[in-house]
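Tertiary structure, described
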Number of protein chains: 2
Amino acid sequence: MPTDFASLRAQFDLPDGMIYLDGNSLGPMPRAAAARVAQTITQEWGALLIAGWNKAGWMAQPAAVGDRIARLIGAEAGSVVMGDTLSIKVYQALASALEMVPARRVILSDSGNFPSDLYMAEGLCRTLGPDYVLKAVAPEEVAGAIDHTIAVLMLTEVDYRTGRKHDMAALTGLAHAAGAVTVWDLAHSAGALPVHLAACGADFAVGCTYKYLNSGPGGPAFIYVAPRHQAAVRPALSGWLGHAAPFAFDLDYRPGDGIERMRVGTPPVLQMAALEASLDIWDQADILDVRAKSIELIDRFIAGIEARCPSLSLAAPRDGQQRGSQASFRHPEGYAIMQAIIAQGVIGDFRAPDILRFGFTPLFINEDDVDEAINRITHVMENALWDRPEFKTRARVT
Amino acid sequence: MPTDFASLRAQFDLPDGMIYLDGNSLGPMPRAAAARVAQTITQEWGALLIAGWNKAGWMAQPAAVGDRIARLIGAEAGSVVMGDTLSIKVYQALASALEMVPARRVILSDSGNFPSDLYMAEGLCRTLGPDYVLKAVAPEEVAGAIDHTIAVLMLTEVDYRTGRKHDMAALTGLAHAAGAVTVWDLAHSAGALPVHLAACGADFAVGCTYKYLNSGPGGPAFIYVAPRHQAAVRPALSGWLGHAAPFAFDLDYRPGDGIERMRVGTPPVLQMAALEASLDIWDQADILDVRAKSIELIDRFIAGIEARCPSLSLAAPRDGQQRGSQASFRHPEGYAIMQAIIAQGVIGDFRAPDILRFGFTPLFINEDDVDEAINRITHVMENALWDRPEFKTRARVT
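Residues numbered from 1 in each chain as written. Chains lettered and ligands numbered in written order. Predicted model: local features only at pLDDT ≥ 70, side-chain atom pairs only at ≥ 80, totals over all residues. Heavy atoms only, no water.

The name that an unreviewed UniProt entry assigns to chain A is Kynureninase, with the source organism given as Pseudorhodobacter antarcticus. The record held by UniProt for chain A lists under Subunit (unreviewed entry) the comment "Homodimer." What UniProt records for chain A under Function (unreviewed entry) is the sentence "Catalyzes the cleavage of L-kynurenine (L-Kyn) and L-3-hydroxykynurenine (L-3OHKyn) into anthranilic acid (AA) and 3-hydroxyanthranilic acid (3-OHAA), respectively." (UniProt positions renumbered as here; feature names shortened; annotations may be inferred.)

Quick look at the structure:
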């Protein structure tokens, strides 16, 4: 049965008049979220207290929810577990990946990777020692830079600025042929487009849930470890919930079974409840339908903006298959323009130095929203509404 | 004005008939928690969406809430920030502490430290290289083991099993005299007793909030860095929210100002809201009153159990000043006995191999609770109610 997008849209609560094209930064609130979290607070925490860890399933939840995420990213059951933040999961995946290629010292990434991934890699290299190196090339030079010196290829599949999408299958194949291991960041992929981790032969993957997966601010991250690697992975962040027997309180660490060893500390039970409310909506969606509709919406948006706002130049790939679920445009006054667009109730965001970014999520955005967004953006551009001092002050970017 | 404990107690919701002596594992639910979190979900996430980061103060919250915690642990304003889990914060503090003593390779801890702290240290040593060593001695041997080989003294102030409390001021002094740096875990201290980080000259401290601080399952951890060290600390977990300018999206990491650099990824906004509901209660308590009453309650409990249950032998220090806010007893059949006690509605917990553990929190436990708990435990012991097969099955300890 095809996905019923009108029904999905009705399960989100969005402010009247707002066209929210920033679900790629923070997804909107499922209507069921507040009640679901309140239930966890009063009926689980309040009523069960410490017994909630077993009786309410909090202890098993990170792997159980991981399996729900696995279905959206083409991963095997038992290969995904929730916890921590994406930055921590990047560190964890990268440390384990490097250990699998002990004779090499180079992490290859690209300048389109999200900065936190690069920063975490930098911190890990510093901890490992002076011969470890992070090498970041331009996105289009990645394939050519994969050689026998590379230990780990670490990439975000979809560029957070332009929406350009790497070819996961091809790059994973090149990395493996060169003897390297892959770490894929799915921040802008999970819930945005079909991902095929198992089919691509990916080794490690990580992602967050507060973007396209709509888990709310601070929702937990996830980590994927290919089943073929799980028994050999020895976590650098060896926390007690990744121990083979956390409640034996051994003095020495023994990694837990399979993906459980990638757990670290106490899982964020309240955030997990909000995520589950969102995944209930995802259970009603077919990611192939979502992808097809997302491409339609973005094609429509790009055509409208290019026709009516010629000073905005397209930064995203024109071919829908080559991009994630966002449209990006460049303009030297991008920051001020985005503030003016937001003032018109179309919420996108700005990414330095000159990118205007608009995310499209068919779960709650439809053709009428796209047309209205084009109208309002055109109104801003035709009347130069952005050319005001109040839109040019960049309070947060220091 | 003295703390009004009856008023504090009325602000918690506890199941009828339950005497909850496990707040040292998971604190109970403040009555205001569900409404506070629901408000964050609907009025902040739902209504503000991405703008919540600035307009609802989510971005500033980890340091603002850190300041509220600082008051409870004798820390300077601007020295505490929230985020991640305690295990992650241990790793982070330890990595920074080791870097401050580059010529040394030994972490000194004790066998009474919480296992996750030891596991995280083990993982960090493995990442740093084969000459890094974690040395764990018996708790009473710590002072004698501090010498000029020790880089970092890492201890949990209050032993999670016995409740024995280390002398933070004395051990910090010994460590400094030997040229070592200290990392104190306050998991069983924060909200349990007065802590004087600044007065003790502590270097780093970490702690969780879901125990005595009642933030709920998976509540965020905190980290303290002494102001004198902050400018020199270079985080190993160098995430984007610890960057000097997260929204500049630089490719290279530059640590943020002061304690902000110890942030890593996106903070758990929903868990933070629950924590704030609990801190509103803490604002009405004087930690000195809490400590005095906690000692009274535990003295009363120990006297009653020793008088009426002679087969339970005291494992906690008899002197209230030498222990945290818990009473512990030993019995070879401790596991089964605790299950039987729980079946009587007195909730404590068991810690391998033979410890029965009872936490006392004057915020919601009073003298009547203590007396009733003694009665019920005596009933279990006098009638050997624990000697049943269903209480001897240890499903979770494998």
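**Notes on the relation of the copies chain A and chain B**
Superposing chain A onto chain B requires a rotation of 180 degrees together with a translation of 0.0 Å along the rotation axis, leaving an RMSD of 0.0 Å. The transformation relating the two chain copies, once decomposed into turn and shift, fits a two-fold axis. Proximity to the rotation axis, assessed at the C-alpha, singles out Leu128(A) in chain A; its C-alpha lies 2.7 Å from the axis. Most of the interface of chain A is mirrored in chain B, where 100% of its interface residues again form contacts. (Least-squares fit on C-alpha atoms with pLDDT ≥ 70 in both. Contact = heavy atoms within 4.5 Å.)

**Quick look at the interface of chain A and chain B**
Contact with chain A, which involves 84 residues of that partner, is made by 84 residues of chain B. Where chain A touches chain B, the interface holds four salt bridges. With a shortest N-O distance of 2.2 Å, Arg126(B) and Glu99(A) are connected by a salt bridge. Only strand E3 (29-30), helix H2 (33-48), helix H3 (52-55), helix H5 (86-99), helix H6 (115-128) and helix H11 (269-282) of chain A provide two or more residues apiece to the side of chain A that touches chain B. (Salt bridge = Lys/Arg side-chain N within 4 Å of Asp/Glu carboxyl O. Helix = DSSP H or I, 4+ residues; strand = E, 2+ residues; numbered from the N terminus.)

**As for the packing of helix H12 (residues 287-308) of chain B against helix H14 (residues 367-382) of chain B**
Residues and elements named next belong to chain B. As a packed pair, H12 and H14 sit with axes 10 Å apart at the nearest point and diverge in direction by 25 degrees. Considered as vectors, H12 and H14 are oriented roughly parallel to each other. The chirality of how H12 crosses H14 is right-handed. Contacts from Lys 293, Glu 296, Leu 297, Arg 300, Phe 301, Gly 304, Ile 305 and Arg 308 of H12 reach H14 at Glu 367, Val 370, Asp 371, Ala 373, Ile 374, Asn 375, Ile 377, Thr 378 and Glu 382. (Axes fitted to C-alpha atoms, helices over the stretch in contact; angles between N-to-C directions. Parallel < 35°, antiparallel > 145°, perpendicular 65-115°, else oblique. Left-handed = near helix turned anticlockwise from the far one by under 90°.)

**Digging into the nonpolar core**
In this structure, Phe301(A) and Phe301(B) are the most contacted members of the largest nonpolar core, which totals 296 residues. Setting aside its immediate chain neighbours within four residues, Phe301(A) contacts Leu21(A), Ala327(A), Phe329(A), Phe358(A), Phe360(A), Val370(A), Ala373(A), Ile374(A) and Ile377(A). (Core = buried A, V, L, I, M, F, W, Y, C linked by side-chain atoms within 4.5 Å. Buried < 20%, exposed > 50% of the residue type's maximum accessible area, 1.4 Å probe, protein only.)

**Here's the deal with the domain arrangement of chain A**
All names here are of chain A. Along its sequence, chain A is carved into domain 1 (5-31 + 286-391) and domain 2 (33-282). Each of domain 1 and domain 2 was reduced to a C-alpha centroid, and the two centroids are 28 Å apart. Every contact between the two is made by 34 residues of domain 1 and, on the other side, 25 residues of domain 2. Both faces considered, domain 1 and domain 2 share a buried interface measuring about 2,400 Å² in area, 62% of it formed by carbon and sulfur atoms. (Domains from an automatic or database assignment. Buried area = accessible area lost by both parts, 1.4 Å probe.)

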